[in-house]
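# Commentary on secondary and tertiary structure
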Amino acid sequence: MDASSSRSRPARPALTRAALPTAAALCAAALLGGCSDSGSSDSGSSAASPSSSGSTTQAAAASSGNALQTAYQDVIKDVLPSVVQIQASSDLGSGVVYDDQGHIVTNAHVVGDEKTFKVTTSTSEDELTAKLVAAYPEQDLAVVKLEKVPDGLKAAKFGDTSKVEVGLITLAMGSPLGLSSSVTQGIVSATGRTVSEGRSGGGTGATIANMVQTSAAINPGNSGGALVDLDSEVIGIPTLAATDPDLGGSAAPGIGFAIPASTVTNIADQIIKDGKVTDSGRAALGITGRGVVDGDLQAAGVSVVSVTAGGPAADAGLRAGDVITKLGDTEITTMTSLQEALAEDKPGQKVQVSYTRDGGKKTAEVTLGEM
């Protein structure tokens, strides 16, 4: 699946007035209508009239809708103060306050190669200055730190990724198209997605496993913001929106991806403690490679350009010029397919690598290293 980062440059978007759909409220109303009491059947009394039954159903539906609306508003009041806007020299994104020391987690593609940023909170128009602590492009995550922590700055609460399920109601908070403190709503559409990020448009080229797919709108500028559940917990960092080749590479509506909270906290904790990532948990072969094509110009594997001395591939006997065609049971046709296959594995895991050398087919057992 192709995906693009949701980085943006400040813009003046065309605004269209539209009503905010509350699909969950409508579903709740329909459910209540189907299960509502149709009236009493006591001896000597008649069944409730249709108008009476209809009034009861409408009242129940209204109550359910109001409860859901109140839940949305409570979450927004609770979490939005922890979501900030991050302005680099020419690009803009979002971030989430990570702790009371002024650390803010965001996407690596939001910070790019820069070291200093302007940060605006949802509760003030004053610009704060933040410095880069470290970026980890391999997972498209970064941490910046405010030079001065303002009074009342509130850290977000990160949730348990293992409890995220399809159908969970979500709210995406950030600064899409420069519109700070914006909120969109949807559900978790899928979990466990492995998605490769392009390098065009400022992406890092990362391949990220276990991403949360959501129908909440993820637009340019949402990158680095918060994907939140109705318990006011951040379950992911919005990072990518799928693109549709049939639409000229524009975003495919309702298909966005967020880095799971467990990955975010793992990487952020290491950066804050050590100034860098010391344990990525990501498997690696220890090669540099490039994609190759066959006689029909179809992608046909990854050619090994070089191997890391003492690395997993070198120890298993692979060398420059070999063409990797399979990792375990997964066919390898491109660098992206190789990265996605490795993203599913763990350091120390043994895998069989199929490859060709001088036209002959070979296999080798490789003990994967760490990225």
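Higher on the page you've got the structure.
Presented here is an overview of the structure given in this document. (Residues numbered from 1 in each chain as written. Predicted model: local features only at pLDDT ≥ 70, side-chain atom pairs only at ≥ 80, totals over all residues. Heavy atoms only, no water.)

## Regarding the overall build of the protein
When its secondary structure is counted, the protein shows 6 helices and 21 strands. Here the protein holds 371 residues, and the buried ones make up 42% of them. A separation threshold of at least 6 residues defines the contact pool for the protein, and within that pool the share at least 24 residues apart is 61%. Just so you have it, the protein exposes about 18300 Å², and 49% of that area is on carbon and sulfur atoms. (Helix = DSSP H or I, 4+ residues; strand = E, 2+ residues; numbered from the N terminus. Buried < 20%, exposed > 50% of the residue type's maximum accessible area, 1.4 Å probe, protein only. Contact = heavy atoms within 4.5 Å. Areas by Shrake-Rupley, 256 points an atom, 1.4 Å probe, with all protein chains shown as cover.)

## Details of the pairing of strand β2 (residues 83-87)
The two faces of a sheet get side chains in turn, since along a regular strand they alternate between them. Among the 5 residues in β2, 4 count as buried, and that is most of the element. In this structure, β2 lies alongside strand β3 (residues 92-97), joined through 5 bridges in antiparallel fashion. What sits directly across from Q85, in β3, is S94. Two successive antiparallel strands, β2 and β3, enclose a turn made up of 4 residues. Here 3 bridges tie β2 to strand β5 (residues 116-120), and the two strands are oriented antiparallel to one another. (Pairing = 2+ DSSP bridges.)

## Quick look at the pattern of salt bridges
Applying the stated criterion across every chain, the model contains 6 salt bridges. The closest approach of N and O atoms between K131 and E147, which form a salt bridge, is 3.9 Å. With a gap of 16 residues between them, K131 in strand β6 (residues 128-136) and E147 in the loop between β7 (141-146) and β8 (169-174) connect regions that are remote in the sequence. (Salt bridge = Lys/Arg side-chain N within 4 Å of Asp/Glu carboxyl O.)

## With respect to the side chain of D322
Within the fold, D322 resides in the loop between α5 (312-315) and β17 (323-327). Among the polar contacts listed, one links the side chain of D322 to the side chain of R357, at a separation of 2.8 Å. Excluding residues within four positions of it along the chain, D322 makes contact with V302, S303, V304, G317, Y355, T356 and R357. (Polar contact = N/O pair within 3.5 Å; in protein donor to acceptor, adjacent residues only side chain to side chain.)

## Details of the packing of aromatic side chains
Counted according to the given criterion, the structure contains 1 aromatic pair. On the basis of an interplanar angle of 55° and a centroid distance of 5.4 Å, the ring pair of Y98 and F158 is categorised as tilted. A residue pair is termed long-range when its members are at least 10 positions apart, and Y98 in the loop between β3 and β4 (103-106) and F158 in the loop between β7 and β8 qualify at 60 residues. Classification of Y98 by relative accessible area gives buried; the value is 15%. (Phe/Tyr/Trp six-rings, centres within 6.5 Å; stacked < 30°, edge-to-face > 60°.)

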